[in-house]
Amino acid sequence: MTSRLFSAGASLLVVVLALGLVDSLTISVTNGETEGEWGPVELCPAGSRAVGYQSRNDLNQGTDFTSLNSIRLFCDDVDASNVTSTEGFTGQYGPGRSCAAGAALSAFQLRVQPNGVSADNTAANSIRFRCTDGVELASAGNQQGTFGTYSDDCLTGICGIQTLVKPEDVTVDNTALNDVRFECCA
Ligand SMILES: *[C@@H]1O[C@H](CO)[C@@H](O)[C@H](O)[C@H]1NC(C)=O
């Protein structure tokens, strides 16, 4: 009796731990930069997934160039909601790119120019995604720096975004978006 209770308790614990892991699964890359503050995690409405994206880039290569500023995920809910977490302070949104019907965003790669390489640091320059069907969506960002390796895959698709953005400061070298991580759908 005691051992059966113990075994039931242990199974329950395993289930609770497994659910906890699934709930908090976050994908990231190793080549992001480190300046700024992490914004809020923003999730697609319950029951929907991120199926496309659009990035906002600073195309004006002036004296304080910032490259990638914002990433907008498009959700597949009835309202076609979008989520961004914190956005950078400048730039223009480029073309939207979407996964094929039935697929969702699954993994990503970040193109980064590490700080210190140039007198004008820009940190993250562009992003590209792979969909759950294996198809890669091209990036639409700036060309400086190199792409790092792909993040892990969200097998159930991406459902949320959190960005690391350096707020605008006229006295320092601005870099805007530095890093990003995504929440897998539960
Ligand atoms: C993104 O969502 C906001 C509301 O949160 C909306 O005003 C805006 O039009 C949306 N943008 C696009 C490109 O769908």
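Rules used in this analysis
Residues numbered from 1 in each chain as written. Predicted model: local features only at pLDDT ≥ 70, side-chain atom pairs only at ≥ 80, totals over all residues. Heavy atoms only, no water. Helix = DSSP H or I, 4+ residues; strand = E, 2+ residues; numbered from the N terminus. Buried < 20%, exposed > 50% of the residue type's maximum accessible area, 1.4 Å probe, protein only. Contact = heavy atoms within 4.5 Å. Areas by Shrake-Rupley, 256 points an atom, 1.4 Å probe, with all protein chains shown as cover. Near = heavy atom within 4 Å. Polar contact = N/O pair within 3.5 Å; in protein donor to acceptor, adjacent residues only side chain to side chain. Phe/Tyr/Trp six-rings, centres within 6.5 Å; stacked < 30°, edge-to-face > 60°. Pairing = 2+ DSSP bridges. Salt bridge = Lys/Arg side-chain N within 4 Å of Asp/Glu carboxyl O. Disulfide = S-S within 2.5 Å.

Colleague: Any chance you could explain the overall build of the chain here in plain terms?
Modeller: Scanning the chain for helices and strands turns up one helix and 14 strands. Taken across its 186 residues, the chain has 44% of its residues classed as buried. For the chain, the share of sequence-separated contacts (at least 6 apart) that also reach a separation of at least 24 residues comes to 70%. As displayed, the chain has an accessible area near 9,300 Å², and 56% of this comes from carbon and sulfur atoms.

Colleague: Mind showing me how you'd approach the site of the ligand here?
Modeller: Close contacts around the ligand come from Arg72, Phe74 and Asn82, and that covers them all. Measuring from an oxygen atom of the ligand, one finds a side-chain N or O atom of Asn82 at 2.3 Å.

Colleague: In this structure, what is going on with the packing of aromatic side chains? I would like to understand it.
Modeller: What characterises a pair of aromatic rings is the spacing of the ring centres plus the angle enclosed by the ring planes. All chains considered together, the criterion is met by four aromatic pairs. Both rings, one in Tyr53 and one in Phe129, keep their centres 4.8 Å apart while their planes meet at 50 degrees; by these two values the pair is tilted. Remark: Phe129 occurs in strand β10 (residues 123-131) and Tyr53 occurs in strand β4 (residues 50-57); sequence separation between them is 76 residues. Of the two residues, Tyr53 and Phe129, neither departs from the other in class, the shared state being buried. Where Phe108 meets Phe129, the ring centres are 6.5 Å apart and the plane angle is 40 degrees; that geometry is what we call tilted.

Colleague: What is the right way to read the pairing of strand β14 (residues 177-184) from this model?
Modeller: Successive side chains on a regular strand alternate, one facing one side of the sheet and the next facing the other. Buried residues dominate β14, accounting for seven of its eight residues. As defined by bridge partners, strand β1 (residues 26-27) adjoins β14 across two bridges and the pair is classed as antiparallel. When the sheet's bridge partners are listed, Thr26 is paired in β14 with Glu183. As defined by bridge partners, strand β13 (residues 158-165) adjoins β14 across seven bridges and the pair is classed as antiparallel. Considered in β14, the bridge of Thr163 is made with Val180.

Colleague: How should I be thinking about the sheet that holds β10 in this particular structure?
Modeller: Note: strands within a sheet are paired through backbone hydrogen bonds, in either parallel or antiparallel orientation. If you walk across this open sheet you meet the four strands as β11-β10-β9-β12, and the pairing is antiparallel. The strands lining the two open edges of the sheet, one partner per strand, are β11 (136-137) and β12 (146-147).

Colleague: Would you mind going over the pattern of salt bridges with me for this structure?
Modeller: Oppositely charged side chains can form a pair if their charged atoms are brought close together. According to the stated counting rule, one finds four salt bridges in the structure shown. We note a salt bridge from Glu35 to Lys166, for which the minimum N-O separation is 3.2 Å. One end of the pair, Glu35, is in the loop between β1 and β2 (37-38); the other, Lys166, is in the loop between β13 and β14, with 131 residues separating them in the sequence. Among the residues examined, Glu35 registers a relative accessible area of 25% and is labelled partly exposed.

Colleague: Can you walk me through the state of the cysteines in this structure?
Modeller: Here a disulfide denotes one covalent bond, and it connects the sulfur atoms of two cysteines. Counted according to the given criterion, the structure contains four disulfides. Between the sulfur of Cys44 and that of Cys75 lies a disulfide, 2.1 Å long from S to S. Linking Cys44 and Cys75, the disulfide has an S-S dihedral of approximately -80 degrees and is accordingly described as left-handed. Highlighted residues: Cys44 in the loop between β3 (42-43) and β4 and Cys75 in strand β5 (residues 68-75), separated in sequence by 31 residues. Cys75 carries the same exposure label as Cys44, and that label is buried. The disulfide that involves Cys159 links it to Cys185, with 2.1 Å between the sulfurs. Because the sign of the S-S torsion sets the handedness, a value of about 95 degrees for the bond joining Cys159 and Cys185 places this disulfide among the right-handed ones.

Colleague: Quick question: what am I supposed to make of the pairing of strand β9 (residues 105-113) here?
Modeller: In terms of burial, β9 is largely enclosed, as nine of its nine residues are buried. Bridge analysis of β9 against β10 gives eight bridges, and the strand direction is antiparallel. The residue of β10 that forms the bridge with Phe108 is Phe129. Note that β9 and β12 share two bridges and pair antiparallel.

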